[in-house]
Amino acid sequence: HLYTTYEEELDDDYHITIGEKAIELDRNLVYLALISKGPGIRVIVFVGEAACNKVKAGSIAKQVSNKLGGSGGGDNRFGQGGGRSKEMIKEAFLLAEEVIKQL
């Protein structure tokens, strides 16, 4: 399961709280939030326990952040990063979908 969102109003703390709760409720969930922050974009990724066997949050955060012209990382459950290429948001979401579909 994949949930993605682009946010211009709510902050990182909100999505960290929601992401943690979401993967508790759905252990197969991959939660990806792109958060507009000034000239850049923050990337927040959570991967539920059951999905961690197939995909790693840090890897998704790194790939999505790279697509946005930045960098990222993390562990199996939580990843974060960022970039500055706001024009690549759609492509970043498509990349995340492709990564999940390849599993």
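Each remark here, short or long, concerns the structure printed above.
Residues numbered from 1 in each chain as written. Predicted model: local features only at pLDDT ≥ 70, side-chain atom pairs only at ≥ 80, totals over all residues. Heavy atoms only, no water.

Chemist: Provide a residue-level description of the environment of E9, including the pertinent values.
Modeler: Secondary-structure assignment places E9 in the loop between strand 1 (2-7) and helix 1 (12-25). A sequence separation of 27 residues divides E9 from S36, and the C-alpha atoms of the two residues are 7.8 Å apart. (Helix = DSSP H or I, 4+ residues; strand = E, 2+ residues; numbered from the N terminus.)

Chemist: Describe the side chain of S85, listing the residues and the values that go with them.
Modeler: Structurally, the position occupied by S85 is in the loop between strand 5 (78-83) and helix 3 (89-101). Once residues within four sequence positions are removed from consideration, S85 is found in contact with I41, L68 and G69. (Contact = heavy atoms within 4.5 Å.)

Chemist: Can you break down the pattern of salt bridges residue by residue, with the values?
Modeler: Opposite charge on two side chains permits pairing when their charged atoms draw close. Taken as a whole, this structure holds 5 salt bridges when the rule is applied. One salt bridge connects K37 with D12, and the closest N-O pair in it is separated by 3.3 Å. Note that K37 is positioned in strand 2 (residues 30-37) and D12 in helix 1, a separation of 25 residues in sequence. Judged by its relative accessible area of 43%, K37 is partly exposed. Ionic pairing is found between R42 and D12, a salt bridge with its closest N-O pair at 2.5 Å. With R42 in strand 3 (residues 40-47) and D12 in helix 1, this residue pair connects regions lying 30 residues apart in the sequence. Connected through salt bridges with shared partners, the residues D12, K37 and R42 form a single ionic network. (Salt bridge = Lys/Arg side-chain N within 4 Å of Asp/Glu carboxyl O. Buried < 20%, exposed > 50% of the residue type's maximum accessible area, 1.4 Å probe, protein only.)

Chemist: Mind laying out the nonpolar core, listing which residues take part and the relevant values?
Modeler: Generally speaking, soluble globular proteins have nonpolar side chains that are buried together. Membership of the largest hydrophobic core comes to 21 residues, with the highest contact counts inside it found for L34, V47, I60 and V64. Listed by contribution, the elements that provide at least two residues to this core are strand 2, strand 3, helix 2 (57-67) and helix 3. Looking at which element gives the most residues to this core, the answer is helix 3, with 6 residues. Those residues in contact with V64 that lie beyond four places of it in its chain are L32, L34, V43, A92, L95 and A96. Within the second largest apolar cluster, 9 residues are counted, among which are A22, Y31, A33 and I35. (Core = buried A, V, L, I, M, F, W, Y, C linked by side-chain atoms within 4.5 Å.)

Chemist: Account for the sheet that holds strand 4 (residues 71-74), with residues named and values stated.
Modeler: Taken together, the 5 strands give an open sheet; going across it, the order is 1-2-3-5-4, and neighbouring strands pair in mixed fashion. Only two strands of the sheet have a single partner each, and these edge strands are strand 1 and strand 4. Direction aside, the axes of adjacent strands within the sheet are offset by 10° on average. Sheet topology places strand 4 next to strand 5; 4 bridges connect them, and they run antiparallel. The partner of G72 across the bridge, within strand 5, is G81. Against the sheet, helix 1 engages strand 1, strand 2, strand 3 and strand 5, with an angle of about 20° to strand 3. Strands in contact with helix 3 are strand 1, strand 2 and strand 3; relative to strand 1, the strand with the most contacts, it is inclined by about 165°. (Pairing = 2+ DSSP bridges. Axes fitted to C-alpha atoms, helices over the stretch in contact; angles between N-to-C directions.)

Coordinates in, geometry out; function isn't part of it.
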